[in-house]
Structures are given as structure tokens and as C-alpha cells.
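The residues making up each chain are set out below.
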Amino acid sequence: MADSVSASQVLDALRPIIDPDFQKSIVDLGFVKDLKIDGTGVAFSIELTTPACPVKAEFERAATERVQALDGVDDVAVTMTANTRQASRTGGGEGQQTVDLPGVKNIIAVASGKGGVGKSTTAINLAITLRDEGAQVGILDADVYGPSLSLLAGVHGRPDTTPDRKIMPIVGQGMKLMSMAFFMTDDSPVIWRGPMVHGLVKQFLTDVRWGELDYLIVDMPPGTGDAALTLTQMAPLSGAVIVTTANNLSLIDARKGLQMFEKVGVPILGIVENMSFFTPPDAPDKQYYIFGQGGGERVAKELGVDFLGEVPIDPRIAEDGDAGRPIVVSQPDSPSSQAFRRITGKVVRKVAMLAVNSPPVADANITWVNS
Ligand SMILES: Nc1ncnc2c1ncn2[C@@H]1O[C@H](COP(=O)(O)OP(=O)(O)OP(=O)(O)O)[C@@H](O)[C@H]1O
Ligand SMILES: [Mg+2]
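Conventions and cut-offs
- Residues numbered from 1 in each chain as written.
- Chains lettered and ligands numbered in written order.
- Predicted model: local features only at pLDDT ≥ 70, side-chain atom pairs only at ≥ 80, totals over all residues.
- Heavy atoms only, no water.
- 1 Å grid on protein atoms, 1.4 Å probe; cavity = no way out; pocket = protein on both sides within 12 Å on 5 of 7 lines; lining within 4 Å.
- Points joined across faces, edges and corners; volume = space filled by probe spheres on them.
- Helix = DSSP H or I, 4+ residues; strand = E, 2+ residues; numbered from the N terminus.
- Nonpolar A, V, L, I, M, F, W, Y, C, P; charged D, E, K, R; others polar.
- Domains from an automatic or database assignment.
- Near = heavy atom within 4 Å.
- Polar contact = N/O pair within 3.5 Å; in protein donor to acceptor, adjacent residues only side chain to side chain.
- Areas by Shrake-Rupley, 256 points an atom, 1.4 Å probe, with all protein chains shown as cover.
- Phe/Tyr/Trp six-rings, centres within 6.5 Å; stacked < 30°, edge-to-face > 60°.
- Buried < 20%, exposed > 50% of the residue type's maximum accessible area, 1.4 Å probe, protein only.

J.: Quick question: what am I supposed to make of empty space enclosed by the protein here?
T.: Rolled over the atoms, a probe sized like a water molecule indicates the empty space that remains. If you walk through the whole model with that rule in mind, you get two cavities of 30 Å³ or more. Its boundaries defined by the atoms lining it, the second largest cavity holds a volume of some 40 Å³. Residue lining of the second largest cavity: Asp 19, Asp 21, Phe 22, Thr 49, Thr 50, Cys 53, Arg 349, Ala 352 and Met 353, and that is the complete set. When residues of the lining of the second largest cavity are assigned to their parent elements, the largest contribution, three residues, is made by helix 11 (residues 335–354). Taken together, the residues of the lining of the second largest cavity break down into four nonpolar, two polar and three charged. Two domains each put at least three residues into the lining of the second largest cavity: domain 1 (7–83 + 357–368) and domain 2 (104–354).

J.: How should I be thinking about the site of ligand 1 in this particular structure?
T.: In the region of ligand 1, 16 residues are neighbours, and Gly 116, Lys 119, Ser 120, Thr 121 and Asn 274 sit closest. Contact between ligand 1 and Ser 120: an oxygen atom at 2.8 Å from a side-chain N or O atom of the residue. Surface burial for ligand 1 is 78%, taken as the share of its 630 Å² of free accessible area covered by protein chains. Put simply, the parts of the chain that give the shell around ligand 1 at least two residues each are helix 3 (119–132), strand 12 (268–278), strand 13 (307–313) and helix 9 (315–322). Considering every element that reaches the shell around ligand 1, the biggest residue donor is helix 3, with three residues. Within the shell around ligand 1, the residues separate by chemical class into seven nonpolar, six polar and three charged.

J.: Got a minute to help me understand the packing of aromatic side chains in this structure?
T.: The description of an aromatic ring pair rests on the distance of the ring centres and on the angle between the ring planes. Counted under the stated rule, the structure contains two aromatic pairs. For the pair Phe 22 and Phe 31, a centre-to-centre distance of 6.2 Å together with 85° between the ring planes defines the contact as edge-to-face. Owing to a relative accessible area of 0%, Phe 31 belongs among the buried residues under this scheme. Both rings, one in Phe 277 and one in Tyr 289, keep their centres 5.0 Å apart while their planes meet at 45°; by these two values the pair is tilted. Within this pair, whereas Phe 277 is found in strand 12, its partner Tyr 289 is found in the loop between strand 12 and helix 8 (295–303), the two being separated by 12 residues in sequence. Judged by its relative accessible area of 7%, Phe 277 falls in the buried class.

J.: Looking at this structure, how should I read unusual backbone geometry?
T.: Peptide bonds are trans in most cases, and residues, glycine excluded, mostly fall at negative phi. Positive phi outside glycine occurs at Asp 34, with the angle close to 50°. The topology assignment puts Asp 34 in strand 3 (residues 32–38). Overall, the relative accessible area of 37% leaves Asp 34 in the partly exposed class. At Arg 165, a residue that is not glycine, the phi angle is positive and equals roughly 65°. Position of Arg 165 relative to the elements: it lies in the loop between helix 4 (149–153) and strand 8 (170–172). Accessibility expressed as a relative area gives 72% for Arg 165, which makes it exposed.

Here it is as C-alpha cells:
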């Protein structure tokens, strides 16, 4: 009988697989774990930095093929896992106190300079995409004036409080949700005075039992008012996604949104251009850039940040969204859903890149069976 393949042969076969973000071998990054060699069977797992890794399938295929091609190997079992890295926590700025959310690995703000550009829509579709990839996700609707999460997620209810006066998030759609809407009795707009807003937003961060989360997505209130400022100053944000629309594209607005974060040292993950173009249902190959093409990308370039992608205009986003069915759920194959998934992939990869430490080098947990 031929000798079993050795662990180093397996690792050598996997070494040419390069993580496109870290520009390093998945072996050297320590992604290869739990290597087991049992006669002609080889099993190992590849641990990614985020469950929403866009190259997951590609890694799995390449790893299987490469190990399969080794002499003495008949069976290859690859398990894809994820250990979401925790990005460094920023926010606060000089003299500001950020709150501590120990179980929450990454907090991502979705913001804009202007209202009505699709922040909430982007936030919920991002959150659901991450949930679908297997991440533990929470979503905080920080718009205390016009909360929309309850409507967009189709989730209602009143949060429970614990004996020590903490608030339990509502669990719905497989995520943990918190919104001012859960405390309101009707849809009338709420008028808060500045100090109250500050207190409310602070409570959402400190008094809500978020528990363990890979990602907490914060749907920011529009603009740079009290609530937005409190959040950027108090929340330990990993980064911010800025949403803009092609028709509202103004450098000034985008810059305003950006500066609020930059002032407190929160990295800008990139710009999303929403409602970029329209594809008529009877002409699926056409893309009409009603408000001009390439504006978002240009603005991103001028501001020195990444462009994350275009989301097309799709009436179903509004119709299904208002019925509590985000487009990635109601029309998962639609171009806008695909755009949201691509954008999510880019966002979490950037967040993973910002994570404090590169993972340790492998080899520590290799086990041999029957060798
Ligand atoms: N790509 C799109 N195509 C069609 N409709 C969209 C698209 N994106 C968002 N909408 C719709 O536009 C409206 C505004 O979107 P949304 O509520 O997400 O914006 P917002 O930035 O959160 O607004 P606000 O500043 O009021 O919080 C909603 O009715 C939403 O369904
Ligand atoms: Mg909103």
C-alpha cells in the first residue's frame, strides 16, 4: 500500500491559494484548520474571516481539486467555516466616551448626507444577506424621528425588559432588531428634543442586550443631526457605508456624511450609489442611467474612498420593502438583490481587513489519524 500523504504535502498543495484581500496564502494566514489524514482520506476546514466571504465557493473548489490531485488521496472533505474577526473599534474622538459592546464583533453604520436615498433599504438588505451567509446579525434603527425598521423587516412587538432594566432586542427574520418603532403606539412622527435624543441613542447602545453578534448594522438617521452625532461619537464603529443616489449626487452632501465619521476616526468602507439605473421589465438587457452614469464612482474617487457598487431602481424594492419583504428575500435573483449581495461582500471583506490582528499561522491544530 502506498504511503499516506503527509500533512506538509497537503499544506504545500493548498499554499498557492491566495486570499485576494490579504494577498497571502490561506495556509500562511492560518485559515487551514483541523487537518486530518486517515489513509487515503483527507479532511480539513478552511476558516474564513467572515461567513459572507465572496470567494468562499472558489476557495472550496480550489482546495478540493488541489488536494484531490495528490498521490495517495482518494477522498477530500473540506468544511468551510468562519470566525468573524473583530475590527478595531474607533469612534469617540477626543474627549468622547465610546460605550463598550463586548459581545458585538463589528458595528457597521449605514449613513448618508441626505435623507431618502435608501439607507434603511441598504441596511436591511445588507443585514439579511449576512444572516443568509450564517452570520449572527443585529440591526439598530437609529432613526428615532422616523423609524422604519419595523415596517421594512415586517417585525412588530414590544421589547421585554429584564429585572436589571435592560432591554431585550426583538428577534425576527433571524436577527436581533431594535427600533424606536417598537416603543411607539402609532405611526405619527415623533418629536424629540436634543437631550432626549442623545439619551435614547445612548440607551440603544448601552441598555440593549445585544448578546453575541458578528455584525451590528446601524441604520443611521438622515444627515448629521443630534442622533447621528451621538451615534458616531458613542458607538464603537468598525466603519461606515455612505449611501447616495445618482440624482442627489452632490459632492457636498457625500462629503458632509463622510466628515462626520472621519472627524472621530471611523473608517469609511465606501460609497453605494442607489437608484443608479432602470431596466424595463420588457427589456432586461437595457440599463437606462436616467440621472447619468458613473457619478457615484467619480464622487468616491474625488473623496478618496472605495466605490462599493450601483443598485438599480426597482419598483419592487419599494413595494415589497414596505410589505416587510426586503428585495433580497422577495426577489433574490433580481439585479438589485445581486447588487446588494456584491456590496455586502465588499463591505465585510473591508471590515475583515480592518480587523486588528491577522490570524495566527496554522500548524498548531493539525491532527493525524491512523498514521
Ligand atoms: N433602488 C431602489 N429602487 C426603488 N425604490 C427604492 C430603491 N431604494 C430605495 N427605494 C425606496 O425609496 C424610499 C426611500 O428609501 P429608504 O427609506 O431606504 O431611504 P432612507 O435613506 O432610509 O430614508 P430616510 O432618510 O427617510 O431614513 C423607500 O420607499 C424605498 O423603498
Ligand atoms: Mg431610513
